[in-house]
Amino acid sequence: MLNVNSEITSPLPCTPRGVIELLERNGYSLAGKHVVVVGRGVTIGRSIGLLLTRRDVNATVTLTHTGTTNLSELLRQADVIVGAAGVKHIVKALDVKPGAALLDVGVTRETDPETGKSKVYGDIDPAAAEVAGWISPNPGGVGPMTVALLMTNVVEAAERQAGIAS
């Protein structure tokens, strides 16, 4: 699990921390792995690299985005792909290295023309599951971990405030 350093006195960002915890709690070590993050937003894309490259995680990170010209090539090199661009199915099955771990954090909402209801799509094309070694569902994967880690952050902050070691 992602351990909070005694040097860090502020909460870690919930969704990036959730990505790491989800992998680690499923027995996937990120040490030495090449992680390609698709998305440059401040919520996930920019901050996750800082968490992934900490010594206790020890991954190598490539940050890409919708304007990356050789995105498919970079994705095929990845041991882990974090889709966080908010672009429906930007990560295709042919972009995935066999056995790679895929975490779908992106959200795109479209109205279903038949029902008129909003439908949620992730950044990772469902066909990529056939190539991947592990894939998080979207919705229902990283989202619940984000909520759990929000609560963890609240408890850790209260413990720090009270002078209680966690």
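Structure's up top.
Rules used throughout
- Residues numbered from 1 in each chain as written.
- Predicted model: local features only at pLDDT ≥ 70, side-chain atom pairs only at ≥ 80, totals over all residues.
- Heavy atoms only, no water.
- Helix = DSSP H or I, 4+ residues; strand = E, 2+ residues; numbered from the N terminus.
- Rg over C-alpha atoms; globule rule 2.2 N^0.38 Å.
- Buried < 20%, exposed > 50% of the residue type's maximum accessible area, 1.4 Å probe, protein only.
- Contact = heavy atoms within 4.5 Å.
- Areas by Shrake-Rupley, 256 points an atom, 1.4 Å probe, with all protein chains shown as cover.
- Lys, Arg positive; Asp, Glu negative; His and termini not counted.
- Charge placed at Lys NZ, Arg CZ, Asp CG, Glu CD.
- Pairing = 2+ DSSP bridges.
- Axes fitted to C-alpha atoms, helices over the stretch in contact; angles between N-to-C directions.
- Salt bridge = Lys/Arg side-chain N within 4 Å of Asp/Glu carboxyl O.
- Expected span 1.5 Å × (residues − 1).
- Core = buried A, V, L, I, M, F, W, Y, C linked by side-chain atoms within 4.5 Å.
- Parallel < 35°, antiparallel > 145°, perpendicular 65-115°, else oblique.
- Nonpolar A, V, L, I, M, F, W, Y, C, P; charged D, E, K, R; others polar.

### Here's the deal with the overall build of the protein chain
When its secondary structure is counted, the protein chain shows four helices and seven strands. Its helices and strands taken in sequence order, the protein chain reads α-β-α-β-α-β-β-β-β-β-α from the N to the C terminus. Against the 2.2 N^0.38 benchmark of 15 Å for 166 residues, the protein chain shows a C-alpha radius of gyration of 16 Å, consistent with a compact globule. Reported as C-alpha extents along the three principal axes, the dimensions of the protein chain are approximately 55 × 40 × 30 Å. Counting across all 166 residues of the protein chain, residues that qualify as buried make up 42%. Taking as baseline every contact in the protein chain between residues at least 6 positions apart, the subset at least 24 positions apart corresponds to 63%. With an accessible surface of roughly 8800 Å², the protein chain has 53% of that area assigned to carbon and sulfur atoms. Between the centroid of the 15 positive side chains of the protein chain and the centroid of its 16 negative side chains there is a distance of 3 Å.

### A closer look at the sheet that holds strand β1 (residues 34-38)
The parallel open sheet is built from five strands, whose spatial order is β2-β1-β3-β4-β7. Taken across any chain shown, the strands that pair with only one partner, and hence form the sheet edges, are β2 (60-64) and β7 (134-135). The sheet contact formed by strand β4 (residues 101-104) and β7 spans two bridges and is parallel. Residue Ala 101 lies in a different strand from β7, and its bridge partner there is Trp 134. Docked against the sheet, helix α2 (residues 45-52) engages β1, β2 and β3 (80-83), running at close to 165 degrees with respect to β1.

### Observations concerning the pattern of salt bridges
By the definition in use, this model includes seven salt bridges. Put simply, Glu 110 and Lys 88 hold a salt bridge, and the shortest N to O gap is 3.3 Å. Of the two residues, Glu 110 is situated in strand β5 (residues 108-111) and Lys 88 in the loop between β3 and β4; the sequence distance between them amounts to 22 residues. When its relative accessible area of 33% is taken as the criterion, Glu 110 is described as partly exposed. Accessibility expressed as a relative area gives 32% for Lys 88, which makes it partly exposed. Here the salt bridges do not stand alone but share partners, grouping Arg 17, Glu 21, Arg 25 and Glu 156 into one network.

### Structural notes on helix α1 (residues 14-25)
Between its first and last C-alpha, α1 extends 15 Å over twelve residues, near the 16 Å set by a 1.5 Å rise per residue. For α1, the complete set of buried residues consists of Cys 14, Thr 15, Pro 16, Arg 17, Gly 18, Val 19, Ile 20, Glu 21, Leu 22 and Leu 23. Buried residues belonging to α1 abut α2, β3, β4, β7 and α4 (142-162). Of the residues trailing α1, Gly 27 is marked for its positive phi of about 80 degrees.

### Side note on the nonpolar core
The biggest cluster of nonpolar side chains holds 24 residues, and the ones touching the most others in it are Leu 30, Val 35, Leu 52, Val 80, Val 82 and Leu 103. Counting residues per element, the ones that place at least two in this core are α1, β1, α2, β3, β4 and α4. What Val 80 contacts, discounting residues up to four positions off in sequence, is Leu 23, Tyr 28, Leu 30, His 34, Val 35, Val 36, Ala 101 and Leu 103. Counting residues in hydrophobic clusters, the runner-up holds 14 residues, among them Val 38, Leu 71, Leu 102 and Ala 128.

### Brief notes about the pairing of β2
Two elements, β1 and β2, share five bridges in a ladder whose sense is parallel. The partner of Val 37 across the bridge, within β2, is Leu 63.

### Digging into the packing of α1 against α4
The contact between α1 and α4 brings their axes to 8 Å, and the two run at 110 degrees. The pairing of α1 with α4 is recorded here as roughly perpendicular in orientation. For the pair α1 and α4, contact is made by Cys 14, Thr 15, Arg 17, Gly 18, Val 19, Glu 21, Leu 22 and Arg 25 and by Val 142, Met 145, Thr 146, Leu 149, Leu 150, Thr 152, Asn 153 and Glu 156, respectively. Tallied by class, the residues present in the contact of α1 with α4 amount to seven nonpolar, five polar and four charged.

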